[in-house]
Amino acid sequence: LGVMASSGSSVQKTEEEWRAILSPEQFRILRQKGTEFRGTGEYNKLFSEGVYNCAGCGTPLYRSTTKFDSGCGWPAFFEGLPGAITSSVGLFRLSFFF
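What counts and what doesn't
Residues numbered from 1 in each chain as written. Predicted model: local features only at pLDDT ≥ 70, side-chain atom pairs only at ≥ 80, totals over all residues. Heavy atoms only, no water. UniProt positions renumbered as here; feature names shortened; annotations may be inferred. Helix = DSSP H or I, 4+ residues; strand = E, 2+ residues; numbered from the N terminus. Buried < 20%, exposed > 50% of the residue type's maximum accessible area, 1.4 Å probe, protein only. Contact = heavy atoms within 4.5 Å. Areas by Shrake-Rupley, 256 points an atom, 1.4 Å probe, with all protein chains shown as cover. Phe/Tyr/Trp six-rings, centres within 6.5 Å; stacked < 30°, edge-to-face > 60°. Lys NZ or Arg CZ within 6 Å of the ring centre and 35° of its normal. Salt bridge = Lys/Arg side-chain N within 4 Å of Asp/Glu carboxyl O.

You'll find the protein chain entered in an unreviewed UniProt entry as MsrB domain-containing protein, with Colocasia esculenta given as the organism. The UniProt entry for the protein chain carries this comment under Sequence similarities (unreviewed entry): "Belongs to the MsrB Met sulfoxide reductase family." The record held by UniProt for the protein chain lists under Cofactor (unreviewed entry) the comment "Zn(2+)".

Colleague: Is there a simple way to think about the overall build of the protein chain in this case?
Modeller: Along its length, the protein chain carries two helices and six strands. Secondary structure of the protein chain in N-to-C order comes out as β-β-α-α-β-β-β-β. Within the protein chain, the fraction of its 98 residues that count as buried is 22%. Considering only contacts within the protein chain whose residues lie at least 6 apart along the sequence, 34% involve residues at least 24 apart. As displayed, the protein chain offers around 7,400 Å² of accessible surface, 56% of which is attributable to carbon and sulfur atoms.

Colleague: It is not clear to me how the environment of Glu15 should be interpreted in this structure. Could you clarify?
Modeller: With respect to the secondary-structure elements, Glu15 resides in helix H1 (residues 15-21). Taking the C-alpha atoms as reference points, Glu15 and Arg31, separated by 16 residues in sequence, lie 8.2 Å from one another.

Colleague: How should I be thinking about the packing of aromatic side chains in this particular structure?
Modeller: Any aromatic ring pair is given by two values, namely how distant the centres are and how the planes are angled relative to each other. Under the criterion given, the structure shown has three aromatic pairs. An aromatic cluster is present here, built from Tyr43, Tyr52, Tyr62 and Phe77 joined pairwise through their rings. When the ring centre of Trp18 is taken as reference, the NZ or CZ atom of Lys13 above it lies at 5.8 Å. The positively charged end of Lys67 is found above the aromatic ring belonging to Phe47, 4.0 Å away from the centroid.

Colleague: Would you take a moment to explain the side chain of Arg31 for this structure?
Modeller: Counting through the fold element by element, Arg31 comes out in helix H2 (residues 24-32). According to the relative accessible area criterion, Arg31 is buried, its value standing at 12%.

Colleague: Got a minute to help me understand the pattern of salt bridges in this structure?
Modeller: Pairing of side chains with opposite charge becomes possible as their charged atoms draw close. A full pass over the atoms with the stated rule returns two salt bridges. Here Glu15 makes a salt bridge to Arg31, at a shortest N to O gap of 2.8 Å. In this pair, Glu15 sits in helix H1 while Arg31 sits in helix H2, placing the two residues 16 residues apart along the sequence. A relative accessible area of 30% means that Glu15 is categorised as partly exposed.

The following block contains the structure:
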């Protein structure tokens, strides 16, 4: 499985290679479709100036100027960098709060 790189090409690595470069939490979230617990992520309340990049491939994803506090417990952005964020019809992700 691959991750899109900033050049638009896919980064191809084995699961073992991904485990070697990602922290256990990053691996669980990026490779196993996990999520952080609400309100626990280091970027939730961070509003420093800069660009947010993919932890897997380094692709720039969002400018800090598009970040806002949605109150949901996860970082929220109203706009991704052009061409950085893709979506597929029929694919969505649900998060449950308890």
